[in-house]
Amino acid sequence: MGICYQGKTLKEAVHEKEQLFKDSGYAYGLEKLDLVEGDPAKFMRFQMRLVAACINAREIAKLISANPMSLIQGELLFLLATPEGDVTSASYGLAGHIQSFPFMVRSIADLGFEEDPGINVGDIFATNDTLYGAPHNADNYTWVPIIYGDELIGWTVGLNHIVDVGGLQPGGLGTISASVFTDGFTYPPTKTGANFKQHKWWELHWKRRTRTEAFNVLDDKMRAAGAVALHDRVMEIVEEFGVDYFRQGLREIVERERRVLTQRIKAQAVPGIYHYLVFDSVKYKGVVGKLFASSNRDWLLHKPGEFQVLPDGRLFMDLEGLSSEADFHCNAYESAVRMLCSLGAWPMFAYTATINSSLMYVTDWNLPPGSMFNPQNPFAATVMSLAGVGKYVHMFNHCLSYAYFARGFLEECFPQGAAGGGYGLAGVFADGFRWAGGDMTLITCWSSAALPYRDGDVADNCSANPAPDQGETERAEFLQPTNLNIGRKLVPNYCGHGKFRGGLGIATCQLIVDPGRSLTLAVFGSTGGMGRSATGMAGGYPGVDDIVVLAHDTNIREMLKEGGHYPRDFVEIREWLEEGKLKARSVELYQGSTANIQCKDGDLFANATAARGGWGDPLEREFSLVENDVPDGWLSPDVVRTVYGAVLDDNGKVKVAESNELRQQMRNRRKEKSVDARDWWEKERERVLRKEWCEDVYNMYADVLKYDKFRRQFMGMWQLPEDYGL
Amino acid sequence: MEKRDDRFTKENLKLLVEGKLDWEEVKKAIRLAPKDGDRFWKYLEVLQERVPWKDKILLRISDHLYIVAKEGGGRVVKCDCGQEFGDYRVNWKLSCRVYVRKTREEMAEVVSVEEALPNPDLVEMREFYCPGCFALLGVEVVPAGYPVIFEMLPDLDTFYREWLGKPLADERPDWFQDKTLDMPARWAKEG
């Protein structure tokens, strides 16, 4: 006798759910929505009560946390799921996680948790293990069964992104790891509490296996308290509506919204095949040395996506050709892919009254075995799986924007490219106190790419967290007193150009003060020296790279004593160094993630991201827009002239005749410099035959040519002999 | 004639296409639920009035590019300047003029912050121009030797028959097939 409805075991219920959809095409086989259609008002009230309960749990529980990411930057979520794991309601916050929880429930069902350790009233379960459904080990899940009588009728869940995972590097988003053994504290699904309370022994794990025990213990209490509070509130709703209504109602939410999503695609898109591509890099050579011999190399990562809008309104994403798994930090499993990529789906079509798992029924993925998103090594490192997957979030934005553009729904276009930066840090103060922290300021405030009718906005959104907030700088400095914020601003000219230009990237600048005995900084970024995506939109240029600059041993302390100004971003650091105003012993520049960097008092740390792409040919930019760019500080006069072909007079007005003449000259230069595609193809083909690539590019091609689909494309494009190989 | 859904008017759509619709009006369009059901037909009208030629537009696929039905048969990609790029099942980029930025200096002409320049050891920047009007139609930032990216192959017959309920007269099963590789195959054969 199982614990689910009609005596089914959890395993039977989970697999029956999957089979019902496969056989009928409806979630839970629900061809008719009796509750929705019978009394829509009652159903809406039921659904809104559930959502309110989730939000209530979040707003109460987050006050237990001391972690700035949860407390002030919105990196948390509380949700309600069916016994089979489908999420039906959720709070504001890290919305994508509703895609992961079904994998966890399937895991514990298949692992036989119902028999051992048992699933009883008041039990608390937890995991952050990617093999069992968590997207990466920084995101920790805590959940409680809802049992009515003897029947499991649902789960309540709390989750958040913790500050430090106890990996090789400080923070929760490491950029170096060779296997799960260097990922940090990773625990498979575990029963961590009973009687609605965590066991005392569980705290010891946070204290001994991570660098930030206080933050992590309080976060754990927050998740558990929120899940329990939500459990209690849901039980009241069950009593009010009746258990039969509750059980059926959760299922109807999923099926009703599945229908909404497919209908929306059919109403706004155009069926067909769309292609998306982005490149990324991993740089371990000379960093990990002999200790991790198989990792002591660099990778250029190939991330293609064939995005199919199917005749029935469903979506199929084929990632064949994706780089292979390797001993690096950014492998991922299907749950991570679905979780993070849903964040591109929400704004494009998956928005409904309540976020829920209906998206699972609308999207299918091909993740080839052996690729970095389907690793066959069970010990593959995944500490930063979301860096690997993050690039695919914007496949939805990119491809559906073209689909909506073609259909005439320009206002629904929202093309984006990879973005996001932050850091982990750990140190020892002068008095010997060991501490650690992390910051995600630049995962809260991305600028957006240009639209087909408008420039991108600035610092207005965040794909990774739909409810973000930069939080208070003072609170961040209280928790991380070594990092004094001296600049947070938009950077002029830092965007992809176009008829409509991308929103300017946002930058931070910090002064390192009094770190004591040591301070280690590990910065993560979203690019690798190849832009934010491999293709621009409709003739616009793609967004440009993230920037990390470390200026060591500067004279900034002396400058501050003299009461002068100080540089506020990486461009100003460079300009001040060139002018001799600022002095530094050495300067490091990265276009994305870094390894560990040792910092000292007086160092400057500048970071920037989200310089998004443009739309359309820059030479078609309206002069009236150009006239606003310069006085508003978005673009400098030289860029306006050389990129946009606009000449300004002393009052900032466009000299129309002169500008039109300049634009014509620029088009003439395009004619002179360019060649027919066929001539270009012949020369490019010769390069391919000569295999003239640097080591990283050569290795990338050698790897992905193993996959049939890409090989066919590559061989066909260049008409290569059958025995061509690398 | 079917009744117009003027909750979003053709006039506003025209302004939206031109990038001149007031932001408050755009927001109303974003909030419109359900969307105006005749949007695509209004869009075709607006687009057809903007181009100087008479070929019937089947679909707009980029700022300047349209798939059009030719009178004598065939569906081809056409620029608003009148330049034709051939069968829409073949990537139109292979009918463009191409310029490749390979050095930092060349890329710096269009990437305006030096720290953010792409790494020329890893990637090059390809620009695809219309051979007729030399509008910039596409940009790729890819390693040398990367196959040209076919951004969009619409399933036109499914779209018109099943989604719009107005099938095209020249329906054929092979309209939804990527024929791009036929072109380099032909080039190789011709030598």
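What you see is a predicted model, and the numbers here were worked out from it, not measured in a lab. (Residues numbered from 1 in each chain as written. Chains lettered and ligands numbered in written order. Predicted model: local features only at pLDDT ≥ 70, side-chain atom pairs only at ≥ 80, totals over all residues.)

(A) Focus on the overall build of chain A. Secondary structure assignment for chain A yields 20 helices and 21 strands. Projecting the C-alpha coordinates of chain A onto the three principal axes gives extents of approximately 80 × 65 × 55 Å. Across the 726 residues of chain A, 59% fall into the buried class. Intrachain contacts of chain A at a sequence separation of at least 6 include 74% that bridge at least 24 residues. (Helix = DSSP H or I, 4+ residues; strand = E, 2+ residues; numbered from the N terminus. Buried ≥ 20, exposed ≤ 12 C-beta atoms within 10 Å, placed from the backbone. Contact = placed C-beta atoms within 7 Å.)

(B) Focus on the overall build of chain B. For chain B, the count of helices and strands is 6 helices and 8 strands. What you see in chain B, going N to C, is helices and strands ordered as α-α-α-β-β-β-β-β-α-β-β-β-α-α. The principal-axis extents of the C-alpha atoms in chain B amount to approximately 55 × 45 × 30 Å. By residue count, 46% of the 191 residues in chain B fall in the buried class.

(C) Fine view of the sheet that holds strand β3 (residues 75-79) of chain B. All names here are of chain B. Taking strand neighbours across the sheet as the criterion, the 4 strands line up as β1-β2-β3-β4 in an open arrangement whose pairing is antiparallel. Lying at the two open borders of the sheet, with one neighbouring strand each, are β1 (56-60) and β4 (84-87). Shown here is a sheet whose adjacent strand axes are inclined to one another by a mean of 30°, direction ignored. Relative to β4, β3 runs antiparallel, the two sharing 3 bridges. For K78, the partnering residue across the bridge sits in β4 and is E84. (Pairing = 2+ DSSP bridges. Axes fitted to C-alpha atoms, helices over the stretch in contact; angles between N-to-C directions.)

(D) Representation of the domain arrangement of chain A. Residue and element names in this part refer to chain A. Each domain of chain A was delimited in the assignment, giving domain 1 (32-258), domain 2 (419-616), domain 3 (619-673) and domain 4 (677-718). The straight-line distance from the C-alpha centre of domain 2 to that of domain 3 is 29 Å. Contact with domain 2, which involves 6 residues of that partner, is made by 8 residues of domain 3. (Domains from an automatic or database assignment.)

(E) Region of the structure containing the nonpolar core. Residue and element names in this part refer to chain A. One finds L79, V157 and A403 to be the most contacted residues of the largest nonpolar core, which totals 276 residues. No other element matches helix α11 (residues 385-407), which puts 14 residues into this core. With residues near it in sequence (within four places) discarded, V157 still touches F78, L79, A81, F101, Y141, W143 and A227. (Core = buried A, V, L, I, M, F, W, Y, C linked by C-beta atoms within 7 Å.)

(F) Geometry of the pairing of β1(B). All names here are of chain B. As paired elements, β1 and strand β2 (residues 65-69) share 4 bridges and run antiparallel to each other. Pairing of R60 across the sheet is with Y66, part of β2. Between the antiparallel neighbours β1 and β2 lie 4 residues.

(G) Main features of the interface of chain B and chain A. Every contact between the two is made by 69 residues of chain B and, on the other side, 72 residues of chain A. Residues that form the side of chain B that touches chain A fall into these classes: 47 nonpolar, 8 polar and 14 charged. In this sheet, strand β5 (residues 97-101) of chain B lies alongside strand β21 (residues 675-676) of chain A in antiparallel orientation, the contact comprising 2 bridges. Across the sheet, residue V675(A) finds its bridge partner in β5(B), namely V98(B). (Nonpolar A, V, L, I, M, F, W, Y, C, P; charged D, E, K, R; others polar.)

(H) Representation of the sheet that holds strand β10 (residues 315-318) of chain A in the model. Reading across from one edge, β11(A)-β10(A)-β9(A)-β8(A)-β8(B) is the order of the 5 strands in this open sheet, with mixed pairing throughout. Lying at the two open borders of the sheet, with one neighbouring strand each, are β11 (363-366) of chain A together with β8 (152-154) of chain B. The average angle at which neighbouring strand axes cross in this sheet is 20°, direction not considered. Here 4 bridges tie strand β9 (residues 298-309) of chain A to β10(A), and the two strands are oriented antiparallel to one another. Across the sheet, residue E306(A) finds its bridge partner in β10(A), namely D318(A). With respect to the sheet, α11(A) is in contact with β8 (272-283), β9 and β10 of chain A together with β8 of chain B, its orientation differing from that of β8(A) by roughly 150°.

(I) Representation of the packing of helix α8 (residues 213-241) of chain A against helix α9 (residues 243-268) of chain A. Residue and element names in this part refer to chain A. One way to put it is that α8 packs onto α9 with a least axis distance of 6 Å and a crossing angle of 110°. As the angle between them shows, α8 and α9 are arranged roughly perpendicular. Taken together, the residues of α9 that come into contact with α8 (itself represented by I237, V238 and F241) are V243, Y245 and F246. (Parallel < 35°, antiparallel > 145°, perpendicular 65-115°, else oblique.)

(J) Looking closely at the pairing of strand β15 (residues 506-512) of chain A. All names here are of chain A. Counting buried positions along β15 yields 7 of 7 residues, so the element is predominantly enclosed. Because side chains alternate across β15, one face comprises the buried residues I506, T508, Q510 and I512, and the other comprises A507, C509 and L511, equally buried. In terms of strand pairing, strand β14 (residues 483-490) meets β15 through 7 bridges, oriented antiparallel. When the sheet's bridge partners are listed, N483 is paired in β15 with I512.

(K) Representation of helix α5 (residues 156-163) of chain B. The set of residues buried in α5(B) consists of L156(B), T158(B), F159(B), Y160(B) and W163(B). The inward-facing, buried residues of α5(B) abut α9 of chain A together with β1 and β8 of chain B. Directly beyond the C-terminal end of α5(B), a positive phi value near 70° is found at G165(B).

(L) Main features of the packing of helix α1 (residues 10-17) of chain B against helix α3 (residues 39-50) of chain B. Residue and element names in this part refer to chain B. At a minimum axis separation of 10 Å, α1 and α3 run at an interaxial angle of 60°. The pairing of α1 with α3 is recorded here as oblique in orientation. Considering the relative orientation of α1 and α3, their crossing is right-handed. Note on element contacts: α3 touches α1 through K42, Y43, E45 and V46, opposite K10, L13, K14 and V17. Residue composition of the contact of α1 with α3, grouped by class: 4 nonpolar, no polar and 4 charged. (Left-handed = near helix turned anticlockwise from the far one by under 90°.)

(M) Main features of the environment of M44(A). If you trace the backbone, M44(A) turns up in helix α3 (residues 40-61). C-alpha separation for the pair M44(A) and E114(A), spaced 70 residues apart in sequence, amounts to 33 Å.

(N) Representation of unusual backbone geometry within the structure. A cis amide bond links D116(A) with the next residue in sequence, P117(A), at an omega value of 15°. By the secondary structure assignment, P117(A) is in helix α6 (residues 114-118). A cis amide bond, omega -5°, links A33(B) with the succeeding residue P34(B). Examined against the element boundaries, P34(B) turns out to sit in the loop between α2 (23-31) and α3. Phi at F196(A) is positive, roughly 60°, even though this residue is not glycine. Assignment of secondary structure puts F196(A) in the loop between β6 (190-194) and β7 (197-198). On the basis of neighbour counts, which here come to 17 C-beta atoms within 10 Å, the residue F196(A) falls in the partly exposed class.

(O) The environment of L604(A), seen in detail. Residue and element names in this part refer to chain A. Here L604 is to be found in strand β20 (residues 604-609). In this structure the C-alpha to C-alpha distance between L604 and F307, which are 297 residues apart in sequence, comes to 42 Å. Contact partners of L604, with chain neighbours within four places excluded, come to C509, L511, A551, T554, I556 and I573.

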